[in-house]
Every structure is written in structure tokens, then in C-alpha cells.
Number of protein chains: 2
Amino acid sequence: MGRKSRVTVIGDLAHRPTTAHDVARLAGVSQSAVSRVYTPGASVSPETRIKVMEAAKRLGYRPNQVARSLITRRSNIVGVAVPGTENPFYSAALDALSIALARIGYRVLLFSVDAIAGSDPILEEVLRYRVDALVLISTSLSSHFADECMQLGLPVVLFNRKTDSGLASSVTGDNLNGARMIAAFLLAGGHKRFAFVAGVEHSSTNRDREAGFLSYLSARKVRHIERRVGNYSTTAAEAAVRSLLELEKQPDAIFCANDHMALVALNVAQVGFGLQPGRDISIVGFDNIDMAGWPLFGLTTYSQPIQTMIDQVIGILERQLSGEAAVALQQVTQGELIVRASARKPKTGLSQSGKGWVWRPRTEPAVF
Amino acid sequence: MGRKSRVTVIGDLAHRPTTAHDVARLAGVSQSAVSRVYTPGASVSPETRIKVMEAAKRLGYRPNQVARSLITRRSNIVGVAVPGTENPFYSAALDALSIALARIGYRVLLFSVDAIAGSDPILEEVLRYRVDALVLISTSLSSHFADECMQLGLPVVLFNRKTDSGLASSVTGDNLNGARMIAAFLLAGGHKRFAFVAGVEHSSTNRDREAGFLSYLSARKVRHIERRVGNYSTTAAEAAVRSLLELEKQPDAIFCANDHMALVALNVAQVGFGLQPGRDISIVGFDNIDMAGWPLFGLTTYSQPIQTMIDQVIGILERQLSGEAAVALQQVTQGELIVRASARKPKTGLSQSGKGWVWRPRTEPAVF
DNA sequence: ATGAAAGCGCTAACAC
DNA sequence: GTGTTAGCGCTTTCAT
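Because the structure is a prediction, the values reported are computed rather than measured. (Residues numbered from 1 in each chain as written. Chains lettered and ligands numbered in written order. Predicted model: local features only at pLDDT ≥ 70, side-chain atom pairs only at ≥ 80, totals over all residues. Heavy atoms only, no water.)

Moving on, we get to the protein's contact with DNA strand D. In the neighbourhood of DNA strand D, 27 residues make up the surrounding shell, with A:Ala20, A:Ser35, B:Ser32, B:Thr48 and B:Arg73 lying closest. Put simply, 63% of the atoms of DNA strand D that lie within 4 Å of the protein are in sugar or phosphate. Side-chain polar atom of A:Gln31 to a base oxygen of DNA strand D: 3.3 Å apart, as the coordinates give it. Side-chain polar atom of B:Ser45 to a phosphate oxygen of DNA strand D: 2.7 Å apart, as the coordinates give it. Those elements giving two or more residues to the surface near DNA strand D turn out to be α2 (31-37) and α4 (65-72) of chain A together with α2 (31-37) and α4 (65-72) of chain B. Residue contributions to the surface near DNA strand D peak at 4 residues, all from α4(A). (Near = heavy atom within 4 Å. Polar contact = N/O pair within 3.5 Å; in protein donor to acceptor, adjacent residues only side chain to side chain. Helix = DSSP H or I, 4+ residues; strand = E, 2+ residues; numbered from the N terminus.)

As C-alpha cells, then:
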């Protein structure tokens, strides 16, 4: 196997990177000694360590993680799928996740997937990289795929989404109760004509938020709740809200399935229809993204505490990566109904919390 | 090397993944035949191909990209560094980049780095993964590090940032002319008291935007330009703008070094000080992020066409990855001054473009 | 504590 | 076109 067979380009700077062998030779030790120096907890004498580290520095040695992964069968990489980051909630989540993973020694192999289309083919690709785990942010995978991952012993955590099968672990906000609480809040505010702007149909998140909202209201004999689909996107949400506000019987309370759409709604209501949120109409979102707190918006919303949720993801991952029995678990994180200016405030139930106001129903919303 | 030495856990599902060998045996061919089936352009007979693919399907075979990378010395992975994604411009860029890279067969290994702190140590880590290239979004690397990458033959592209050394390629918007144009625009609008809200000090982007703005104005005998630092962050920008508006001689025109800060400024001016942008005060940004076009904001801004810029990144990458002489090049992408409601409109120079209005100076801003 | 040797799963000559 | 063979750079027994 003559390496020399390849013609040497004149001035070729792309030398072969330094290997542990090179370091070993320079340090006058064996290659395994070099390896041990870079293996936490291996037994190396101080002298050897010094010699190796000096040689390594001189040669600019960087252990080849690829070779290491091949043998250890751990890449220290977690595959992370995110939908397009139009929605700031996802960006924030990705950010927090990436930082949290870095802290426990993992890198992120990123996959931007079409929110609507299936993510299976691209995930198929990821698996070739032997990622140690998969985190899917607001993206589902077919149950068939989930099965395969489980058989491979590959931990999968869904963030802000659940699977029907329940095979994979999931971390979500309290969609059901949050939505109920929003319904209760709007009802307490004296509203009569309700509307719901849905996110992506059939997404578990939308399903739960819609179910919570509608079931609470219909149990209180509220009828004729208008419904539009906003797909969690700017353009669809704008059309949805516009169509609602053009109704003869204009709704006086709109619950948008996430903050991003609610902010769009705020724009349409104010600029397009001259309505003042909180007075002429109430608009509520879900997520509590940063911008919801911006003065110009002042969006009332149910919070999903990203950091807490990410911590739970990390917890699940650590447990599963350490080789424990991979029991799928569904974590639900409670949030709070953050009260700002975009919706009429009920007379009771408000209390100060931290730097803002929150609302709590007199009694916990009943379960239906 | 007894693999059996490890105690087999009862119900252990983590089998050894299928290898090319397993497939070969089942298909009754050699292992290299299997390899060839998965190598585009290799010569395999139709029969062999069929046999292999069937065996592969039955066994759920997935080629091990790690092993492949070890020998080919190409990981098909690009390391991408992003600062925290508080600024939507970065999220959008990451998104577009990730999609564009996927199209040419590359994955993204992500690094969320602290915008301020040095990114070198974490990048050091990345190199162990033998990434084929590095894209740094709004993040610089020390020139020492750049040198090392060049010696390694590792292509580095800076997005929205330049290095002093000019060793690495860069793709940026037209910061200098954009900022000049903004100055000209505000001057044409009849403004007298100017202010600049800077981003991160010493970032090349901020430096150029500031230089363009200030030099244009001072060449026109404008004196006493107020300056605050907003660090591209929400909180710092808020304080900066607040301090400007509390001035006895309140500025009547504020240029914020990016859109994100300009949106914050819009919030502060309207809600905090009861000023109506476009009438009482002019606020201009830089980037033209999606939200700048939202009705409630209507931010006048100089655009940085993300897709075009990303295409340029891809172009540079493709050229360098194909092994061409790695000449660093600095690409500057022109944008447009998008005119919306947040700033007073000059009498002349406006024209319709696409779905909005743009402004162009009568003559190109002179070079100083 | 250290070195020798055997691979991890694959690609790439090379012979046939 | 296909099988054989020699590694890619590392970790991990196993002896010493």
C-alpha cells in the first residue's frame, strides 16, 4: 500500500494530520501510552504523561474522535431535529439544548426538517453517523421508525411533542391544563365569543391545547367556538386571524395555539382592524417566548419553562445513555398563566409572581 | 478479544448493529461487494446489487459513516458556530445554512458559543471530529486559530463577520455602504440630532456600520452624534435607547446597528416615551429580519439578503472542499434600504421594489 | 505502568 | 465485475 503512489502537489499544505503514532515516536513511548494519556482514568506515570503531552503540543496533535468512535461505539454526538426556526421558541430550545449537551460532553448534529413533511428519511441519514441519541424538537417520527430506534437501543426524546405510540420519551409543557386555564381565564374575563387559532393539525401539541380549551368551554355551555388553522406559521396565522376579525360576529377572545401566532394576531388586530387588545379584544398565546414580554406586545400567555424542560431532556438522556433500562417516560412540565396587557383581566385570581402577574383559577380546573 | 467476557444482560436489546460483513454473508458475496453497492459510481452487476440490497433490507443494514470517514478522511460534516440565538437573524441564517448544506450532502455539527467569550476552546473540540469545514456565524476566531486551520487545510468561512487577518473567507452584507445610505436617508429626511446604538464593540460588523454612518455624517458637518452600546442584546439595547431618549436634547434619529436592537428601540420609544416612530422620531435598523416587516413594527432597515449570502457561503465551501487552492475571499453582498413606517420619509429617492418601498440616494454615496 | 497485538467497520488498491 | 488484502487511527485486552 504505497502512500507515495499519490503525486505530491507542489506546495501542498494538507499534510496528513498528526497521529498518536507520530506523538509516540517523538516521545519515545508506545502508541498505547499516548492513548492512555488522553483517556481519563487510565494509568500513566507522570513522566510518561509529560513526555507525551510535550510531544503532542509540538506536533499539534489532536486525537481523532472518528477513530475513537469507531472502536468505542460512542460518538458523543446527539442528533437534534428542529423544524424551521421561524418560531423563536424552537430557536431558544435548540440553544438551551445545545448548551446543556455541551456541558455533559455531547455535541449536536443538527437537522433542519420540514415541519410538515416526514422526518424519517433525513433521520435515516443521521443514524449512519452512529449518534448516541436523538432529540426531536417539535417533530415526530413515524412509530415504525421509533420501533427501529428502540431496537437499536438508541434513546429518543421528543421535545414539545408526543408520539401516539408512547414508545419514545417526551418532554412537553402542560398543554392540556394550560389551555384549560386559558379558557377559564377568558371566561372569568367575561368573554362571550371565543375563537381558537390552531397550529399544525394533528400535532400532539395542538391536539392537547385545542382539547383543553374546547372541553373546558363546552363543559361550561359555551357554543359556537370559531376555529381557524394557523399552522404555527406567520402567513397562515395572519390569514386565520384576519378571517376571524372579518366575521360579522367578531370574536372577543382569541386563543392562539402558540405565541408566535398570537403575536401575529396582535399585529392584525391592532394595525389591520384598529382594535386595542385587552380592551376591544383579548388575545392569548402559549409558550411565553421572550418577545411576548415586549411592551409593544404585552402578550398574555401560558408559559413553557424552556430551561426546566431542557433539564428534563438532559436527565432522560443521561439515564438512557448510561445504559439503564430504556423505559420511555412522558414528562409534563407545568407553566403559569402570565398576565399582560393583551387580554382583559378578570377581577379575581391575579397575583404577583417574580417580575410579573400570573392568574390562577380559584380551584384547579376540573378534569373532564 | 473475547466479546463474550461481558455478561449478557437478560433481555438485552442492544445487539451489535449489522455490518457489511453480515450483509455479505447473507447475500453470498464478498464484503467489498456490499461496500460498492453503497458507493456511487462503483461497478457492481445488477444481480449483485439486488442480492445485496435485499440482504441489507432484511438485516436493517445501515453503512457506518464513522468507519467510512476514518478511511476516506472526509466526514461530510461542517462545524457551524452560532452565538446565542436571541437575534433572529442568526437563527434564520443557521436554518438556511443547514438546509443548503444538506442539499450538497453535508450535515451540521453545531456549536452554540458565547457571543462575547472566545470560541477557540470549543472549536478545538470540534476539530477532533474531523469536520470538513468550519462556518462561523457572527463569531470570530483568533488569528492564531485561523492560521492553524489553514495549515490543516480546513476551510473556514465567516458569516456576517470578518477577521482582521483576512486569512479566512468571509461573507458579509454591505455594512459600510448600508450604513452610509442610512445616514444619507436620515439626512434627507431632515433630521438634526443623530444617535447610534452600537452592537458588540470591536465586532467587525459593528465597526463597519458605525464607520459608515459616522463618516458620512461628519463629512456633512454633522456634529455631536450620540452613541450608546447595545451589544446586540435586548437588555443592553433597552438601556441604551432609554438613556438616549431621556436626554435633554433627545435625538430625532436613531440608527441601531441591527434590527433586533431597533425593534427594542421601537418598543421603548412608543411604550416608554409615547413617541410615534416616523413622526416624532426616526428609528432605523440593519438586517431586515422577518419581524421588521410586521405591521406593529414597520421598521425601516438596510437588508442583508440571507439566502444570497448563504449561497455564497456554499459556493466558497464547494470550491474549497473540492480541493482547489484555498484562497480566502471576502464577499460583500449588497442590500437595499427598505423603507417602512419607523422613520420619516424623504421627499425624493423613494421607489417601489417588489412588495415594498426602497430608497436610493441620488448619487452613490461618495467614498471617503 | 507499559508495550505488543488484535481489531472497530469500512474503503481502496490490486489481482484475477 | 468481483474477491482478496491491507490498512484508516484509535482503544483495549493481555503479558510483562
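Structure's up, so let's keep going.
After a rotation of 180° and a shift along the axis of 0.1 Å, chain B superposes on chain A with an RMSD of 0.1 Å. Taken together, the rotation and translation describe the operation of a two-fold axis. Closest approach to the rotation axis within chain B is made by the C-alpha atom of B:Leu109, at a distance of 2.3 Å. Mapped onto chain A, 100% of the interface residues of chain B again fall at the interface, so both copies present the same surface. (Least-squares fit on C-alpha atoms with pLDDT ≥ 70 in both. Contact = heavy atoms within 4.5 Å.)

Here the focus is the UniProt feature "domain: HTH lacI-type" (unreviewed entry) in chain A. Per the UniProt record, "domain: HTH lacI-type" (unreviewed entry) is found at residues 18-72 of chain A. Strand forms 0% of residues 18-72 of chain A and helix 67%; the C-alpha atoms that close the span are 21 Å apart. (UniProt positions renumbered as here; feature names shortened; annotations may be inferred.)

In this section: the sheet that holds strand β1 (residues 77-83) of chain B. Ordered in space as β11(A)-β5(A)-β4(A)-β3(A)-β1(A)-β2(A)-β2(B)-β1(B)-β3(B)-β4(B)-β5(B)-β11(B), the 12 strands form an open sheet in which the pairing is mixed. On the outer flanks of this sheet lie β11 (330-333) of chain A together with β11 (330-333) of chain B, each paired with one strand and no other. Ignoring strand direction, the axes of neighbouring strands in this sheet form an average angle of 20°. As judged from the 3 bridges shared by strand β4 (residues 156-159) of chain A and strand β5 (residues 169-173) of chain A, these two strands associate in the parallel manner. Across the sheet, residue A:Val157 finds its bridge partner in β5(A), namely A:Ser169. (Pairing = 2+ DSSP bridges. Axes fitted to C-alpha atoms, helices over the stretch in contact; angles between N-to-C directions.)

Around DNA strand C, 27 residues are found, and the nearest of them are A:Ser45, A:Thr48, A:Arg73, B:Ala20 and B:Ser35. Within 4 Å of the protein, the contacting atoms of DNA strand C are drawn from sugar and phosphate to the extent of 66%. A distance of 2.9 Å is found between a phosphate oxygen of DNA strand C and a side-chain nitrogen or oxygen belonging to A:Ser30. Between DNA strand C and A:Arg36 there is a distance of 2.7 Å, counted from a base nitrogen to a side-chain nitrogen or oxygen. Taken together, the elements giving at least two residues each to the surface near DNA strand C come down to α2 and α4 of chain A together with α2 and α4 of chain B. Looking at the surface near DNA strand C residue by residue, the classes come out as 10 nonpolar, 11 polar and 6 charged. (Nonpolar A, V, L, I, M, F, W, Y, C, P; charged D, E, K, R; others polar.)

So, on to the packing of aromatic side chains. Per the stated rule, a full pass over the model turns up 23 aromatic pairs over all chains. Judged by centre distance (6.3 Å) and plane angle (25°), the rings of B:Phe89 and B:Phe159 are stacked. Placement of B:Phe89 in helix α5 (residues 88-103) and of B:Phe159 in strand β4 (residues 156-159) is noted, with a sequence separation of 70 residues between them. Summarising the burial analysis for this pair, B:Phe89 and B:Phe159 share the class buried. In this structure an aromatic cluster arises from ring pairing among A:Phe194, A:Phe196, A:Phe213, A:Phe255, A:Phe286 and A:Tyr302. Over the ring of A:Tyr216 we find A:Arg220, and its NZ or CZ is 3.8 Å from the ring centre. (Phe/Tyr/Trp six-rings, centres within 6.5 Å; stacked < 30°, edge-to-face > 60°. Buried < 20%, exposed > 50% of the residue type's maximum accessible area, 1.4 Å probe, protein only. Lys NZ or Arg CZ within 6 Å of the ring centre and 35° of its normal.)

Further remarks concern the environment of B:Arg58. Position of B:Arg58 among the secondary structure elements: in helix α3 (residues 46-59). Each C-alpha atom of the pair B:Arg58 and B:Val23 lies 8.9 Å from the other, and the pair is 35 residues apart in sequence.

The next thing to look at is the confidence of the model for chain A. With 93% of its residues at a pLDDT of at least 70, chain A reaches an overall mean of 91. Predicted confidence for residues 1-13 of chain A stays below pLDDT 50, and this span has 2 contacts to residues more than four positions away or in other chains. (pLDDT = per-residue confidence, 0-100.)

Turning next to the nonpolar core. A:Ile137, A:Phe213, B:Ile137 and B:Phe213 are the most contacted members of the largest nonpolar core, which totals 162 residues. Setting aside residues no more than four positions away along its own chain, B:Ile137 makes contact with B:Val80, B:Ala81, B:Val82, B:Pro83, B:Tyr90, B:Ala93, B:Leu94, B:Leu97 and B:Phe159. Residues A:Ala81, B:Ile77, B:Val113 and B:Val156 belong to the second largest nonpolar core, which totals 40 residues. (Core = buried A, V, L, I, M, F, W, Y, C linked by side-chain atoms within 4.5 Å.)

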